[in-house]
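Here is what each chain is made of, one letter per residue.
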Amino acid sequence: MDEGAQLVVFDPKVKDRQIISDLKHPLISDDPDRVDRLVTICHDPYVAVEGAHAFVLCTEWDMFKTLDFTRIYDSMEKPAFAFDGRIILDHDHLHDIGFHVETIGKVVGPRKFTIPATPPPC
């Protein structure tokens, strides 16, 4: 948001006002008005990603494992990025669809292997 990015949030378990309150917290944003301008809450995961350049998964709700990622990919701008912050998605499947996949905690190679984020000690 510091660079003006539009953020569309979908969370099936958290109330809208809690999401906005969390994003307006002084440790997250020094400009609460910017949150009002740039953040939209959406109640449908497919609508939330329409026209997006990326999606970021930050929760471990089971429903995210069963979404139709081909449908999601088809509705997004290309190149389309998937950021899996909980490492719960099938990265091979996402790559096969066409996503550029990034994770937090490990680097995912283009197919069926994982590259450690830090090299092993010598």
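Here we summarise the structure given alongside this text. (Residues numbered from 1 in each chain as written. Predicted model: local features only at pLDDT ≥ 70, side-chain atom pairs only at ≥ 80, totals over all residues. Heavy atoms only, no water.)

Focus: the overall build of the protein
Test applied: Secondary structure follows DSSP: runs of H or I at least 4 residues long count as helices, runs of E at least 2 residues long count as strands, and numbering of each begins at the N terminus. To sort residues, take the accessible area from a 1.4 Å probe on protein chains only and compare it with the maximum for the residue type: under 20% means buried, over 50% means exposed, and anything in between is partly exposed. Pairs of residues are marked as contacts when any of their non-hydrogen atoms sit within 4.5 Å. Note that accessible areas follow from Shrake-Rupley with a 1.4 Å probe, and for residues the cover is restricted to the protein chains shown.
The secondary structure content of the protein amounts to five helices and seven strands. What you see in the protein, going N to C, is helices and strands ordered as β-α-α-β-α-β-α-β-α-β-β-β. Counting across all 122 residues of the protein, residues that qualify as buried make up 31%. The contacts in the protein between residues at least 6 apart in sequence include a share of 51% that link residues at least 24 apart. For the protein, the exposed area adds up to about 8,200 Å²; of that, 54% sits on carbon and sulfur atoms.

A short note on the side chain of Asp 84
The condition that has to hold: For this analysis, a polar contact is any N or O atom pair within 3.5 Å, provided that within protein one partner can donate a hydrogen and the other can accept it, and provided that sequence-adjacent residues contribute only side-chain to side-chain pairs.
Relative to the elements of secondary structure, Asp 84 occurs in strand 4 (residues 81-84). Of the polar contacts made by the side chain of Asp 84, one reaches the backbone nitrogen of Leu 89; its length is 2.9 Å. With near-sequence residues (within four places) excluded, Asp 84 lies in contact with Leu 57, Leu 89, His 91, Glu 102, Thr 103 and Ile 104.

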